[in-house]
Amino acid sequence: MSITHRLEAIARLPMSGDNTAIAIRRLEAGELVLLDGKPTPLSHTVLEGHRFAVRRIEPGELLLSWRLPFGAATRRIEPGEYVCNERVLHSLRNRSIAADLPATTNFVDRAIDYALDPSAFQSAPPTPRIEPAPTFLGYRRSGARGVGTRNCIVLLGTSSATGSFVRALEERLKGAATAYANIDGIVAAAHTEGSTPNANNRDHVLRTLAGFMVHSNVGAVLAVDAGWEPINNAVLQQFMRDHGYPLDDMLHAFLSLRGGFEENLVRAGEIVMSWLDAVNQTQRTPASAAHLKLALQCGGSDAFSGVSANPLIGWAAHTIVGYGGGANIAETPELIGAEPYMLAKVRDLATAQRYLAIRDRFIAYAAAHHTSAEGNPSDGNKLRGLYNIILKSIGAAMKKHPDTRLDFAIDYSEPMHEPGFYFMDSPGLDLESVAGQVAAGCNVIYFTTGNGSVTNFPFVPTIKVVTTTPRYELLAKDMDVNAGAYLDGAPMAELGAALVERTLRVASGERTAGERAGHAQVQIWRNWRQGGEREIRREGEGEIGDWRLEIGGATPLAVKLPVQESESSYPATTTETGNSPLATHNSPWSEFAYPALATAEGAVFEQVGLIVPTSLCAAQVARMAADRLNRRRVGIGPGRSRYVALVHTEGCSDATGEAITMSAPTLLGYATHRMAGRCLLLEHGCEVTHNDFMRRRLAELGYDLNRFGWASVQLDGGIASVLDKIEAWFAATAESDPAPAAVQGGLGSLRIGLLATAPLPAAAAHALADLAANIVHAGGAVVAAQSGHLLHSAAFVDPLLVEPDRLQPTLAYSGRLPAPGFHIMATPTDHPVEIITGLGATGVDVVLAYVGVQPVQGHPLTPVLELATAADCPSDLAPELDLLLDGDPAGWSAQMLAKLSDLAAHRYTPQRMRTGNIDFQITRGLMGISL
């Protein structure tokens, strides 16, 4: 006999009067639930967090949660029927889920049409004060800086150009502050911004960096730049002085990198070490809870976020604001649709209008990039029951208690000068949003999660609050608070009081789960391009090609012969440019050989164990895994020389214009790269490019899925558990895989990428053309970046190509090499790291970059050889480059070949790889944005 369940035993109604309920566990088709006094069968499988009707809903009638509409029925929906829209069905069908799903949908999303009526607006009274306020033990700063909950020395990369430097410096100084009781750590804050000229996010970046520098949790800060960036130390310092940031009230230094990487590490280390005694003198003393400023944040949300976790932190934030403190709710697109709730209690009409103006600006920002904020919910959100942006927004809005007044609406990273409850503009990408909240002054972060996001920030403690008891138990080592206790029957007031007490303990120095795990990352709101056509023009000539035009096919471009047909006779070497014949050197080209490993795609000079994080939030865990495997030398041998993690910022949203169409092929390109002897894909668990997505794409491309490893930070039980799983898989494959056969590689085995980040002399361009022609005619592959200076040079193009005026790309950005020959890869930006990242994904084994007097960061997997001419290179920069072209230019291509030979034979390691000055960043193109 079938059991009939009481509704409250299997589901939750967010509020009485709702006509849909949320399943608290997976329910199967045919299970009986008592609705309106009658046993009612469920129509289909209802996954945990998904909804079913609790009464009949007529066509056109609104579907309700929290008594707010999130959709309209397209037909009659009977009691017990699973409710679903097109987005969710599409998402579930793309996952490996065994479930009885309906064939068609039964509701459509409700249009968002909120409008404020100024004539009916009424100002709300302040949030009630609570006296007396309790205290915590904090670090008192100057009056303008407040009270810190941590005392850290921050190593700030002013731009993306110095991110790898501050990470290397952090690693070098690890443990240096251990003996200092009042220093909580020496931490790097590296990010992807500040290197793009005329960036639209310039003010965002400057406010964020300024806010980081004077943050109450910062005891001292070292800001590091390269000097040439659009946002550098001089620009940042002037911005801070112009806008009244209290820079002089704190210990700080600005350092510009000059000379060698190691020399700069020594200089920077000496500055930081000289600060330790002074920073340690600041001790914790009692401070009122009025000095707490809470960042209210969510990530990996589910249907219960708005039922348990968000109301819980809303309760605690209401209390802290009552004590005279501050709270900051953000993520603009994740509040669109919740305006009736958010604006029910507002300080004044101007604040309400400012809130809506920020909302409208974000909607316009998305529309300008051919997308919509309605695409914000990620695949992980949909899997866990958030069908659309309205449901996600209503749940997210519960981070504001219904009795809390909205006091301020501010821009991204704008300082919170007064106590109260703030709304801050930001994208829904939680790491980018958190950075703005920290820069605004938040000194504690509340982070709610349904899926189990493991996000943490380097110098502000993050209290992670998970929505359900089963998910908390799965991820107990990485979560701090189980809001699922509310679903299990615990009173919200009891849980709220406990969270406030925990907050005071954390503010006083108790370490959070994230701090114990040693996991943290920073991401500032990434730049956006606002559309527009980008052209590459040859100096003084017309358009060469716009990357947004249709790619000209995968057929390589025709290359001129580098030698005469008779091998017994070679033309005289020439150093002229233009249409002159290429220089030829019989001996270097014909004798070029190196010891290689056999792969299905040809000889390769190295194979590695590769970890590809499928999204931003898995990236730092991937780095931790690779570092651990290298440190323990797991399976290191002839077929696995090292382990590499590709740390990036993409994959978290499926509605970011070109971002997803570029990130997915890039990740797949690396996963199938011939240098990857074995590759493991690591998902966070709630992204769009999750493991099921990657499995499907790899299967479509014809790859054996058994060759890949698969791990999930969330589903495998958190950071510690997934690190163990990753190590076990690589250890097992190292033991079972046969050693690759040793073969001899030659010129025809090479796949190289070419770019020039600086104007190059004609002789250097001619030498690169010579190298490219010889490789191509030996059967190898050459991929040139579309942007940069290389294709602008007639000295490179004219002697190399049969049709030098036809320079349309043959490969999309990160497009896989279909055949040997000479190719041009489309590059939507001029950012060197983004270009090199795209080149590596095409399948090249090495990149040659002419960099002039401005070296670039290297690549974690693909070696980058940086070139310049000796005549143009300053003496202090020479040791940083891999090859200085010197002597007779007729021999420069042979010098390049010799350096390639040393690299391939493992006699040489590129400078950037040797020092760890490496980076990896996928482009978002012209239309990709953060949602």
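Residues numbered from 1 in each chain as written. Predicted model: local features only at pLDDT ≥ 70, side-chain atom pairs only at ≥ 80, totals over all residues. Heavy atoms only, no water.

For the rest of this paragraph, the subject is the overall build of the protein. Scanning the protein from terminus to terminus reveals 26 helices and 38 strands. In summary, the protein has a C-alpha radius of gyration of 29 Å against a globular reference of 30 Å for 931 residues, a match within 12%. Principal-axis analysis of the C-alpha atoms gives the protein an extent of 95 × 65 × 60 Å. Every one of the 931 residues in the protein was classed for burial, and the buried ones make up 63%. (Helix = DSSP H or I, 4+ residues; strand = E, 2+ residues; numbered from the N terminus. Rg over C-alpha atoms; globule rule 2.2 N^0.38 Å. Buried < 20%, exposed > 50% of the residue type's maximum accessible area, 1.4 Å probe, protein only.)

Let's shift gears to the confidence of the model for the protein. Low-pLDDT portions of the prediction should not be read for the details of their coordinates. Looking at the protein as a whole, the pLDDT averages 91, with 93% of positions reaching at least 70. Confidence drops under a pLDDT of 50 for residues 531-552, and excluding neighbours within four residues, the segment shows 62 contacts in the predicted structure. Contacts from residues 563-581, a stretch scored under 50 in pLDDT, to residues over four places away or in other chains number 29 contacts. (pLDDT = per-residue confidence, 0-100. Contact = heavy atoms within 4.5 Å.)

All right, on to the environment of Ala728 then. On the secondary structure map, Ala728 appears in helix H21 (residues 719-736). Spatially, the C-alpha atoms of Ala728 and Val634 are 9.2 Å apart, while their sequence positions differ by 94 residues.

What follows covers the pattern of salt bridges. Pairing is possible between side chains that carry opposite charge, provided their charged atoms lie close to one another. Using the criterion set out here, one finds 46 salt bridges in the structure. One salt bridge connects Arg150 with Glu515, and the closest N-O pair in it is separated by 2.9 Å. One end of the pair, Arg150, is in the loop between strand E11 (147-148) and strand E12 (152-157); the other, Glu515, is in helix H16 (residues 513-517), and 365 residues separate them in sequence. Exposure remark for Arg150: the relative accessible area of 3% places this residue in the buried category. On the basis of relative accessible area, Glu515 is assigned to the partly exposed category, the value being 24%. Across the pair Glu880 and Arg912 runs a salt bridge whose closest N-O atoms are separated by 3.0 Å. Placement of Glu880 in the loop between strand E37 (864-869) and strand E38 (883-885) and of Arg912 in helix H26 (residues 911-915) is noted, with a sequence separation of 32 residues between them. In this structure Arg912 comes out as buried when scored by relative accessible area, which is 6%. Each of Glu193, Glu432, Arg526, Glu650, Glu834 and Arg924 takes part in salt bridges that share partners, so that together they form one network. (Salt bridge = Lys/Arg side-chain N within 4 Å of Asp/Glu carboxyl O.)

Next up on the list: helix H7 (residues 305-322). At Pro311, H7 shows its strongest bend, of approximately 30 degrees. Extensive coverage of H7 is indicated by the burial of 17 of its 18 residues. With its phi angle positive at about 105 degrees, Gly324 sits one or two positions after the end of H7. (Bend = angle between axes of the 7 residues up to and from the residue.)

Here the focus is the sheet that holds strand E35 (residues 821-825). Strand pairing in a sheet takes place through backbone hydrogen bonds and is either antiparallel or parallel in direction. Read across the open sheet, the six strands follow the order E35-E34-E33-E36-E37-E38; overall the sheet is parallel. Edge positions in the sheet fall to E35 and E38, since each has one partner strand and no second. Neighbour-to-neighbour, the strand axes of the sheet open up by a mean angle of 25 degrees, direction not taken into account. Packed onto the sheet, helix H24 (residues 832-841) meets strand E33 (751-756), strand E34 (781-785), E35, strand E36 (846-850) and E37 and runs at close to 160 degrees relative to E33. (Pairing = 2+ DSSP bridges. Axes fitted to C-alpha atoms, helices over the stretch in contact; angles between N-to-C directions.)

Per the stated rule, a full pass over the model turns up seven cavities of 30 Å³ or more. Its volume calculated, the largest cavity comes out at about 220 Å³. What lines the largest cavity is a set of 22 residues, and nearest its centre among them are Ser378, Lys392, Gly428, Asp430 and Cys652. Its residues assigned to classes, the lining of the largest cavity comprises six nonpolar, eleven polar and five charged. (1 Å grid on protein atoms, 1.4 Å probe; cavity = no way out; pocket = protein on both sides within 12 Å on 5 of 7 lines; lining within 4 Å. Points joined across faces, edges and corners; volume = space filled by probe spheres on them. Nonpolar A, V, L, I, M, F, W, Y, C, P; charged D, E, K, R; others polar.)

This part covers the side chain of Asp882. As for its position among the elements, Asp882 is in the loop between E37 and E38. Nearest to the buried, unbridged Asp882 among oppositely charged side chains is Lys899, at 6.4 Å. At 2.8 Å, the side chain of Asp882 and the backbone nitrogen of Gln911 are in polar contact. Excluding residues that lie within four positions of it along the chain, Asp882 makes contacts with Val864, Leu865, Glu866, Lys899, Tyr908, Pro910 and Gln911. (Lys, Arg positive; Asp, Glu negative; His and termini not counted. Polar contact = N/O pair within 3.5 Å; in protein donor to acceptor, adjacent residues only side chain to side chain.)

Spatially, four strands are ordered E13-E12-E14-E15 in an open sheet, and the strand pairing comes out parallel. Since the sheet does not close on itself, it has two edges, and those belong to strand E13 (185-189) and strand E15 (251-256), each with one partner. The average undirected angle you get between the axes of adjacent strands in this sheet is 15 degrees. Relative to strand E14 (residues 218-225), E12 is paired through six bridges, and the arrangement is parallel. In the sheet register, Gly157 faces E14, and the bridge partner there is Val224. The strands touched by helix H5 (residues 233-242) within the sheet are E14 and E15, with E15 carrying the most contacts at an inclination of about 145 degrees.

Looking now at the pairing of E36. Most of E36 sits out of view: five of its five residues are buried. On E36, burial covers both faces: Val846, Leu848 and Tyr850 on one face and Val847 and Ala849 on the other are all buried. Here five bridges tie E33 to E36, and the two strands are oriented parallel to one another. When the bridges of E36 are listed, Ile752 appears paired with Val846. As paired elements, E36 and E37 share four bridges and run parallel to each other. Bridge pairing in E37 links Val847 to Val864.

As a further point, take helix H15 (residues 492-507). Over its 16 residues, H15 runs 22 Å from end to end, which matches the ideal 22 Å to within 8%, given 1.5 Å per residue. Met492, Leu495, Gly496, Leu499, Val500, Thr503, Leu504, Val506 and Ala507 are the residues of H15 that are buried. Looking one or two residues past H15, Gly509 carries a phi angle of roughly 125 degrees, positive in sign. (Expected span 1.5 Å × (residues − 1).)

Before going further, it helps to examine the nonpolar core. Counting residues in each nonpolar core, the largest one holds 88 residues, and the members touching the most others are Phe52, Tyr355 and Tyr446. Among the elements that make up this core, the one with the highest residue count is H7 (eight residues). Setting aside anything within four residues of it in sequence, one finds Tyr355 in contact with Leu335, Glu339, Met342, Leu343, Leu406, Ala409 and Phe423. Membership of the second largest hydrophobic core comes to 50 residues, among which are Val218, Val221, Ala435 and Leu931. (Core = buried A, V, L, I, M, F, W, Y, C linked by side-chain atoms within 4.5 Å.)

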